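A structural walkthrough
Below are the chains, spelled out letter by letter.
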Amino acid sequence: MYDVEKIRADFPILSREVNGKPLVYLDNGASAQKPKAVIDAVTTAYAEEYSNVHRGLHTLSNIATEKYEAVRGTVARFLGVSDESQIVLNSGTTEGINMVAYGWAMPRMEAGDEIVLSVMEHHANIVPWHFLRERQGVVLKWVDTEPDGSLDPQKVLDAIGPKTKLVAVTHLSNVLGTVVDVNTICKGARAQGVPVLVDGSQAAVHMPVNLDEMGCDFYVVTGHKLYGPSASGAAFVRKERYDEMRPFMGGGDMIREVHKDWISWNDPPMKFEAGTPGIVQAIGLGVALDYMMGVGMQAIAAHEADLGAYAQDRLGGLNWLNVQGHAPGKAAIFSFTMDGAAHPHDLSTILDKKGVAVRAGHHCANPLMDHIGLTATCRASLGMYNTRAEIDTLVEALELAHDLFG
Ligand code: PLP
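Residues numbered from 1 in each chain as written. Predicted model: local features only at pLDDT ≥ 70, side-chain atom pairs only at ≥ 80, totals over all residues. Heavy atoms only, no water.

Moving on, we get to the overall build of the protein. Helix and strand counts for the protein stand at 14 helices and 17 strands. Here the C-alpha radius of gyration of the protein, 22 Å, is about what a compact globule of 406 residues would show, namely 22 Å. Dimensions of the protein, computed from C-alpha atoms along their principal axes, come out at roughly 70 × 55 × 35 Å. Going through the 406 residues of the protein one by one, you find that 57% of them count as buried. (Helix = DSSP H or I, 4+ residues; strand = E, 2+ residues; numbered from the N terminus. Rg over C-alpha atoms; globule rule 2.2 N^0.38 Å. Buried < 20%, exposed > 50% of the residue type's maximum accessible area, 1.4 Å probe, protein only.)

Below you can see the structure in the form of structure tokens.
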């Protein structure tokens, strides 16, 4: 039995007020709140166990190293990866995708080679590929979404041609909530010998993920959306891809030997973890993932499916609200505009006065915004601690805003 009140009690910030009203936090797609277990782990790591990792031969360094390295195994369990050496710890999705762009794609691609992308990618999964377009003449091939916001996996596979070197797609749209059938895309692309990068930033927090089954080549997540600390994250890299990758950043830890006229690399994953890592951030991430696995990813997904259906129903009842994206099985992420209302920024300001936190803007998804013909939306994105009562509060605040804007 999913006890949402018990879960809420684990997140200290949820008991605060904003503008004199109880906080209704519906901005989880931007960043999620942290359970006390994570906050305590971060405090303990700094207050009692802090030291640099890997290099020390003293007690504190050994404790920090053990705790940091254990996170690799936790991430692997969380993502359904049987071999934890395929997990690179980093600062989040942006770093993960840039690592793939600089470390794997740049040395392997030349003018005319193609990267297939969906139109609903976050800028983090667009801009690094534009670098290749600008610098190396790589061609970006875009696959549009369907009118309901879904992405047809066959259209992605049909876009693959003899020059395609990579498919880079999101697992879950941060704007529309669309869940992409990445298993079919990975299977079809693999059959044609084309590697796939999946952006799991939004998906991994909402549903069980099993990368051994999915068969992708790269999968990236960001800790702050997973109820963990900011500047934490991880990338899965399929072992064969490691052999094809050159280092991304250079510095300590990623090398084996450095001499005046030659250097050699450490083995992966260390080869891709240059410099002092986010030690405490990673430790906090491990605790956040353990927390979610303790509740159960199936249970979280079921709770959010219930909330999503309720929200869809309630928001759908407001005939002056235009919700974007109706793909079957979509996640509890709702982007909307209001008929006759001012800019979504003004709408979100009104909601904030009622204690309701949502995001407004282009959500770092300009190509999608162009595709759906909008410049901005308000976005309510739900998480494991949200309730039906909070959706009611959102609807009341929207009704108030509608009355105000006339
Ligand atoms: N990809 C998606 C789908 C996202 O929603 C986000 C963040 O909003 C990112 C990538 C970038 O994540 P980060 O800024 O943590 O690197």
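Taken together, the residues surrounding the ligand are Thr93, Thr94, His122, Ala124, Asn174, Asp199, Ser201, Gln202, Thr222, His224 and Lys225. Between an oxygen atom of the ligand and a side-chain N or O atom of His122, the distance comes to 3.2 Å. Take Ser201: an N or O atom from its side chain is 3.2 Å from a nitrogen atom of the ligand. Here the ligand, which alone exposes 400 Å², has 85% of that area covered by the protein. (Near = heavy atom within 4 Å. Polar contact = N/O pair within 3.5 Å; in protein donor to acceptor, adjacent residues only side chain to side chain. Areas by Shrake-Rupley, 256 points an atom, 1.4 Å probe, with all protein chains shown as cover.)

One open sheet holds the seven strands; their spatial order is β4-β10-β9-β8-β7-β5-β6, and the pairing between them is mixed. With one partner strand each, in any of the chains shown, β4 (87-90) and β6 (139-143) form the two edges of the open sheet. Going from strand to strand, the sheet's axes swing by 20° on average, the running direction of each strand aside. Running at roughly 150° to strand β9 (residues 218-222), helix α4 (residues 93-108) makes contact with β4, β7 (164-170), β8 (196-199), β9 and β10 (233-237) of the sheet. In the packing of helix α7 (residues 182-191) onto the sheet, contacts are made with β7 and β8, and the angle to β8 comes to roughly 165°. (Pairing = 2+ DSSP bridges. Axes fitted to C-alpha atoms, helices over the stretch in contact; angles between N-to-C directions. Contact = heavy atoms within 4.5 Å.)

With that settled, the discussion passes to the nonpolar core. Counting 77 residues, the largest nonpolar core has Leu79, Tyr219, Met292 and Met384 as its most contacted members. It is helix α10 (residues 279-295) that provides the largest number of residues to this core, a total of nine residues. Dropping the residues within four chain positions of it, Met292 is found in contact with Phe78, Val205, Leu226, Tyr227, Met297, Ile300 and Met384. Listed in part, the 29 residues of the second largest apolar core include Leu321, Ile350, Leu351 and Ala401. (Core = buried A, V, L, I, M, F, W, Y, C linked by side-chain atoms within 4.5 Å.)

Moving on, we get to the sheet that holds strand β17 (residues 377-381). Strand order in the open sheet formed by four strands is β13-β14-β17-β16, with antiparallel pairing between adjacent strands. Looking at which strands have only one partner, the edges of the open sheet turn out to be β13 (321-324) and β16 (359-361). The sheet shows a mean angle of 30° between the axes of neighbouring strands, direction not considered. Relative to β17, β16 runs antiparallel, the two sharing three bridges. For Gly361, the partnering residue across the bridge sits in β17 and is Thr377. The sheet strands contacting helix α11 (residues 297-316) are β13 and β14 (333-338), and the helix crosses β14 at an angle near 10°. Sitting on the sheet, helix α14 (residues 388-405) touches β13, β14 and β17, and the angle it makes with β14 is about 15°.

The residue after Pro268, namely Pro269, is reached through a cis peptide bond having omega 5°. Take Pro269: it is sitting in the loop between β12 (263-265) and α10. For Tyr227, which is not glycine, the phi torsion reads 65° and is therefore positive. Secondary-structure assignment places Tyr227 in the loop between β9 and β10. Of the residues examined, Tyr227 reaches a relative accessible area of 1% and is grouped as buried.

A few words on helix α12 (residues 344-353). Taken residue by residue, α12 has Pro344, Leu347, Ser348, Ile350 and Leu351 as its buried positions. All buried residues of α12 project into a common sector of 155° when viewed along the axis, lining one side. On its buried face, α12 sits against β14, β15 (356-357), β16, β17 and α14. Looking one or two residues past α12, Gly355 carries a phi angle of roughly 85°, positive in sign. (Arc of directions from axis to C-beta.)

Further remarks concern the packing of aromatic side chains. Inspection of every chain in the model, using the stated rule, returns nine aromatic pairs. Aromatic pair Tyr227 and Tyr385: ring centres 5.6 Å apart, planes at 75°, arrangement edge-to-face. In this pair, Tyr227 is assigned in the loop between β9 and β10 and Tyr385 in the loop between β17 and α14, connecting sequence segments 158 residues apart. A centroid spacing of 5.7 Å and a plane angle of 5° characterise the contact between Tyr242 and Phe272, whose relative ring orientation is stacked. Separated by 30 residues along the polypeptide, Tyr242 in helix α9 (residues 239-244) and Phe272 in the loop between β12 and α10 bring together distant segments of the chain. Here Tyr242 matches Phe272 in class, with each residue buried. Cluster of aromatic residues (ring-pair linked, three or more members): Phe11, Tyr227, Tyr291 and Tyr385. A cation sits over an aromatic face here: Arg135 above Phe131, 4.5 Å from the ring centre. (Phe/Tyr/Trp six-rings, centres within 6.5 Å; stacked < 30°, edge-to-face > 60°. Lys NZ or Arg CZ within 6 Å of the ring centre and 35° of its normal.)

So yeah, pure geometry; function would need other evidence.
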